[in-house]
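# Chain and residue survey
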Number of protein chains: 4
Amino acid sequence: MSDVLVRLAATLEARKGASPDSSYVASLYARGLDAILKKVGEEATETVLAAKSGEAERVVHETADLWFHTLVMLAALDLKPEQVLGELQRRFGTSGHSEKAARGKTGA
Amino acid sequence: MSDVLVRLAATLEARKGASPDSSYVASLYARGLDAILKKVGEEATETVLAAKSGEAERVVHETADLWFHTLVMLAALDLKPEQVLGELQRRFGTSGHSEKAARGKTGA
Amino acid sequence: MSDVLVRLAATLEARKGASPDSSYVASLYARGLDAILKKVGEEATETVLAAKSGEAERVVHETADLWFHTLVMLAALDLKPEQVLGELQRRFGTSGHSEKAARGKTGA
Amino acid sequence: MSDVLVRLAATLEARKGASPDSSYVASLYARGLDAILKKVGEEATETVLAAKSGEAERVVHETADLWFHTLVMLAALDLKPEQVLGELQRRFGTSGHSEKAARGKTGA
């Protein structure tokens, strides 16, 4: 099921040539990187507020919005979710049962 | 490969019973939801700054940090990445080639 | 000139009884604290993006937006900018030439 | 009292020539604009979390941290708080009793 990120990224890639009027994502591309990053920041705040609300459905919804807009950002920068997943897997380790490596510098 | 999110979530779940001294994630759980959400906000800002830098490796690294801490948040709230991926899939549509549904309310 | 914060806060306080249709601030109050906090998060991201752009006018504009929405937040919580300024002054020290005290816990 | 912003900005300006070891602010300057902007983002998230907590003292503390780091950002960009306050005053209007102008584009 989690291949949805990869499939969604393929769709986002395909939208790059589309007219800004044709879709929400095409309009985001047309508005430029700052508009996309503004959405990433907005959705992060909404995710935090949802988590504080304790409403499960709202958390799922806002986290989906946040991941979606990071996928748009990756596409705009010609990067792929596989690279991010690969980075997590690399940190995660071959053993599959240590999160130590997964935290990278965030453990600082 | 993208099952890494699901496998990582299983590891995060398993860390819930661990001593705060035993790992970074266990210490985050012990510090409480606000500490986890603070990290989500921090990593979102770092992702935005990385994207502005134009350095691909840095973007991948910071996006991995952001996704990782949203996974910790989901675990702390007894939610699963499958729910977020399912939400994206639901929006994404069965046809697999329309991002319109994927944007949810973010198109507003 | 910097009394503008105090005077602006007085205006924001006066808007509390107004109809949601009567002004932007009244509509924010009516939408509740989360709507106000969402704006604080948004404007913080826009301030960061403006700073990266290097455009002075844009930075001034976005910082004004950010301070404005923190004032709306303070008003919604029945707090006053004088309390924040007093906190900064307290940290700032009587000597007026040490920022050490001003950084509070942020020095951690 | 609200001149504290202007006086604090003067102190921050004076720290520009100092050794990174000499103070927190000097160390922030030395680490560069991204380090300062990361702090702005962090403090914005902490302000939002404080507001959700409903603890007045915590909100005042975190808002002070946020304003403080926006002042460091302005100093790093050779901008002054008077410019931000002037922008708010300009929006605020000569009449002093309409916040309509104060919201700028944020009313969108």
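What counts, and at which threshold
Residues numbered from 1 in each chain as written. Chains lettered and ligands numbered in written order. Predicted model: local features only at pLDDT ≥ 70, side-chain atom pairs only at ≥ 80, totals over all residues. Heavy atoms only, no water. Least-squares fit on C-alpha atoms with pLDDT ≥ 70 in both. Contact = heavy atoms within 4.5 Å. Helix = DSSP H or I, 4+ residues; strand = E, 2+ residues; numbered from the N terminus. Expected span 1.5 Å × (residues − 1). Buried < 20%, exposed > 50% of the residue type's maximum accessible area, 1.4 Å probe, protein only. Phe/Tyr/Trp six-rings, centres within 6.5 Å; stacked < 30°, edge-to-face > 60°. Axes fitted to C-alpha atoms, helices over the stretch in contact; angles between N-to-C directions. Left-handed = near helix turned anticlockwise from the far one by under 90°. Nonpolar A, V, L, I, M, F, W, Y, C, P; charged D, E, K, R; others polar.

## What about the relation of the copies chain B and chain D?
Superposing chain B onto chain D takes a rotation of 180° combined with a translation of 0.0 Å along the rotation axis, leaving an RMSD of 0.0 Å. Expressed as a symmetry operation, the mapping of one chain copy onto the other fits a two-fold axis. Across chain B, the rotation axis passes nearest the C-alpha of Glu42(B), at a separation of 2.6 Å. Interface residue correspondence from chain B to chain D reaches 100%, placing this contact among same-surface, isologous pairings.

## Overview of helix α4 (residues 56-76) of chain C
Residues and elements named next belong to chain C. End to end, α4 covers 30 Å across 21 residues, agreeing with the expected 30 Å (1.5 Å per residue, within 8%). Within α4, 16 of the 21 residues are buried, which leaves it mostly tucked inside the rest of the structure. Directly beyond the C-terminal end of α4, a positive phi value near 60° is found at Asp78.

## Section: the packing of aromatic side chains
Taken as a whole and judged by the stated rule, the model has two aromatic pairs over all chains. On the numbers, 6.3 Å between centres and 35° between planes, the contact of Trp67(A) with Trp67(B) is tilted. Highlighted residues: Trp67(A) in helix α4 (residues 56-76) and Trp67(B) in helix α4 (residues 56-76), drawn from two different chains. Like Trp67(B), Trp67(A) is buried.

## A look at the relation of the copies chain B and chain A
Mapping chain B onto chain A leaves a residual RMSD of 0.0 Å; the transformation is a rotation of 180° accompanied by 0.0 Å of translation along its axis. Both copies contact each other with a shared surface, as 100% of the interface residues of chain B are interface residues in chain A too.

## Overview of the packing of helix α5 (residues 81-92) of chain A against helix α1 (residues 4-14) of chain B
Two packed helices can be described by the angle between their axes and the distance between those axes. The geometry of α5(A) relative to α1(B) is characterised by a closest axis approach of 10 Å and an angle of 35° between their N-to-C directions. Crossing of α5(A) against α1(B): the hand is left-handed. Contacts between α5(A) and α1(B) involve Leu85(A), Leu88(A), Gln89(A) and Phe92(A) from the former and Val4(B), Leu5(B), Arg7(B), Leu8(B) and Thr11(B) from the latter. Taken together, the residues of the contact of α5(A) with α1(B) break down into six nonpolar, two polar and one charged.

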